[in-house]
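# Per-entry structural report
Residues per chain, in single letters:
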Amino acid sequence: MASLDEAQTSKRPKLDESVRVQLKSVEGAELGPALEVPLASGPAELGSIVSKLKSDTNSTPYAFYAGEVSVPGTLQEFQEQYSFSTEQTLTLTYEPLAVFRVRRVSRCAETLPGHSDAVLHVQFSPDGKKVASGGGDATVRLWDALANIPQKTYSGHKHHVLCLSWSPDARMVASGDRAGEVRVWRSDGECRVLKRHSKWITALAWLPCHLADASQSTCELLASASKDCTCKIWNVRTAQMVTSLSGHSDGVECLAWSGDGALYSGSRDRTVKVWRSADGKWRDGKLANTLQGHGHRVNALALASAFVCRTGPFEAQKPFKGTTFNDVVSTSKQRYDAFVNANGGHATCERLVSGSDDATLLFWTSLKAGAAKTKPKARLTGHQQPVNSILFSPDARKFASASFDKKIKLWHGRTGAFLATLAGHVGAVYALAWAPDSRLVVSASKDSTLKVWSAADDGVPGSEAKNVTTKTRKFAAALGTLPGHLDEVFCVAAAPCGAAV
């Protein structure tokens, strides 16, 4: 009888066992000729081959896909799971990952008291230096994210502060309340009050920096959505409404401003409307398309370009040294152009996902100006209750959805293919946040906890990941649970620099 060591050795691929591999980019361009690669090779070895063929000296890590399926381990393990023939050429698509790696959050570093009622929204500034919070006490508070101390308290709202949004240049934060009032707070304490909505504010979105006029002194255009069925565009410098976008027959629940200039609004009327402006000034903003397919109200929208648009000129591990707004615009444009190139060009980079009370997500592509297609590329099912939060990873390679069914699901960012179910919460999941390296997801739940999950393609320590994998589904346990709150956790935010949650 063979010993245990001999049995284990027999399962290992021999050094001379190999498979012919053809590497190609996301755009479909082949990288060199097909190569004979040992079956013992994993992402690290395949990444070294890509780096040599590309003459990349930065040691960039890569993820590899066979079609829509990730190759997280060795080719031998992949062959055993999916039974591909080693006599045929295996085509692998490589995608670059973040060079830096964010450390997993594991403990509470600081408790920030101050609000006298529920905190309903928090958001880090694009440069990661400040945090804004708003809630039921009708105040907006600014905190120093580096020193964990309060900076300012802005008063003026007459009702609950429901939503916040930082300008991409990190100089202003906008807040919307239940009375229908929008306020824009500058770092010097000046406040602009925007009053035209008749019901409460549900969402706020700024025009991306790379689309702004470089001759301005700061970001100027802000969009607001309301239960009064309208979206409004504001010039925050003059505190005047630029235009009112009417077309929804019920309250507007969510907004998203894309990198190509389109404004998306999701409504209780079960539709997503696409608004565009010919001159970029939005005085002539018009309805460009109506996206239909949901059977119930639309609760959430997510754009692939959301992270690069929200953070403007600020990039993790690369300090922004510009001094003028022209520097802000030019650097933001460079970052957006890099995002477009990494995501297959302008025709495919802008992707939208909508989530609804019908427990489904719709995955939309071909969203560039002039596109006539109105049918979704895919309907994503799996959730058992309403979907209330969706968020693309910073590199747009994946997106996560959260639901009242207590689950988070991961999906492929280019195709919408299902990747994994993240189970562990015992209450509805309200909000999500991605680490800037796109390897970790944090969720906030009704069960009073936060949970940290791995979404990495380039390996997770075995002591941290408890995964049960089949050919069709992957159920993953949390890397860690973050207790401390005494009641429901309504919101969560991750610093764009990766320093904190």
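Reading the values: the criteria
Residues numbered from 1 in each chain as written. Predicted model: local features only at pLDDT ≥ 70, side-chain atom pairs only at ≥ 80, totals over all residues. Heavy atoms only, no water. Salt bridge = Lys/Arg side-chain N within 4 Å of Asp/Glu carboxyl O. Helix = DSSP H or I, 4+ residues; strand = E, 2+ residues; numbered from the N terminus. Buried < 20%, exposed > 50% of the residue type's maximum accessible area, 1.4 Å probe, protein only. Pairing = 2+ DSSP bridges. Axes fitted to C-alpha atoms, helices over the stretch in contact; angles between N-to-C directions. Core = buried A, V, L, I, M, F, W, Y, C linked by side-chain atoms within 4.5 Å. Polar contact = N/O pair within 3.5 Å; in protein donor to acceptor, adjacent residues only side chain to side chain. pLDDT = per-residue confidence, 0-100. Contact = heavy atoms within 4.5 Å. Disulfide = S-S within 2.5 Å.

## Some thoughts on the pattern of salt bridges
Taken as a whole and judged by the stated rule, the model has 19 salt bridges. Measuring nitrogen to oxygen at the nearest pair gives 3.2 Å for the salt bridge that ties Glu95 to Arg414. Taken together, the residues Glu95 in strand S5 (residues 90-96) and Arg414 in the loop between strand S28 (407-412) and strand S29 (418-423) connect sequence positions 319 residues apart. Taking relative accessible area as the criterion, Glu95 reaches 4% and is therefore assigned buried. Residues joined by salt bridges that share partners form a network here, namely Glu95, Asp395, Arg397 and Arg414.

## Some details on the sheet that holds strand S32 (residues 450-454)
Pairing in this open sheet of four strands is antiparallel, and the strands run S30-S31-S32-S35 from one edge to the other. Since the sheet does not close on itself, it has two edges, and those belong to strand S30 (429-434) and strand S35 (480-482), each with one partner. Adjacent strand axes in the sheet meet at a mean angle of 25° when their direction is disregarded. Relative to S32, strand S31 (residues 440-445) runs antiparallel, the two being bridged by five bridges. Bridged to Val442 within S32 is Val452.

## So, the nonpolar core
Of all hydrophobic cores here, the largest spans 20 residues; its most connected members are Phe339, Leu361, Ile390, Phe392 and Phe399. Going through the elements one at a time, strand S22 (298-303), helix H4 (306-311), helix H5 (325-342), strand S24 (361-364), strand S25 (378-380) and strand S26 (387-392) are the ones with two or more residues in this core.

## Side note on the pairing of S31
Most of S31 is tucked away, with six of its six residues classed as buried. Side chains Leu440, Val442 and Ala444 of S31 all project onto a buried face; the interleaved residues Val441, Ser443 and Ser445 project onto the opposite face, where all are buried too. If you look at the hairpin formed by S30 and S31, you'll find five residues sitting between the two strands, and Ser438 has a positive phi there, around 65°. Between S31 and the antiparallel strand that follows it, S32, lie four residues; Ser448 among them carries a positive phi value of about 75°.

## Let's talk about the sheet that holds strand S9 (residues 149-155)
Ordered in space as S6-S7-S8-S9, the four strands form an open sheet in which the pairing is antiparallel. One side of each edge strand has no neighbouring strand; the edge strands of this open sheet are strand S6 (119-124) and S9. In this sheet, neighbouring strand axes are inclined to one another by 20° on average, regardless of whether the strands run parallel or antiparallel. As defined by bridge partners, strand S8 (residues 139-144) adjoins S9 across six bridges and the pair is classed as antiparallel. Considered in S9, the bridge of Asp144 is made with Ile149.

## Re the environment of His160
Residue position: His160 is located in the loop between S9 and strand S10 (161-166). His160 gets classed as partly exposed once you look at its relative accessible area, which sits at 26%. With 17 residues separating them along the chain, His160 and Asp177 place their C-alpha atoms 5.4 Å apart. One polar contact links His160 to His159, side chain to side chain, over a distance of 2.9 Å.

## What about the confidence of the model for the chain?
Chain-level pLDDT for the chain is 87 on average; 92% of the residues reach the 70-or-more range. When mean pLDDT is compared element by element in the chain, strand S14 (residues 201-206) scores highest at 97, while strand S33 (residues 467-469) scores lowest at 40. Scored below 50 in pLDDT, residues 1-11 makes two contacts in the model with residues more than four places away or belonging to other chains. Predicted confidence for residues 459-473 stays below pLDDT 50, and this span has 26 contacts to residues more than four positions away or in other chains.

## Some points on the environment of Ser389
Checked against the element boundaries, Ser389 lands in strand S26. For Ser389 and Trp206, which are 183 residues apart along the polypeptide, the C-alpha to C-alpha distance reads 19 Å. Discounting residues that sit within four places of it in the chain, Ser389 has contacts with Ala300, Ala400, Ser401, Ala402, Tyr430, Ala431 and Leu432.

## Digging into the state of the cysteines
Tallied over the entire structure, the rule returns zero disulfides. With no disulfide of its own, Cys349 lies closest to Cys309 among cysteine sulfurs, the gap being 9.2 Å. Take Cys349: its relative accessible area is 1%, and that puts it in the buried class. Unpaired in terms of disulfides, Cys497 finds its nearest cysteine sulfur in Cys108, a separation of 17 Å. Residue Cys497 is classed as partly exposed on the basis of its relative accessible area of 29%.

## Some remarks on the pairing of S29
Note that S28 and S29 share five bridges and pair antiparallel. Bridging across to S29, Trp411 finds its partner in Phe418. Adjacent in sequence and paired antiparallel, S28 and S29 are bridged by five residues, among which Gly416 carries a positive phi angle near 85°.

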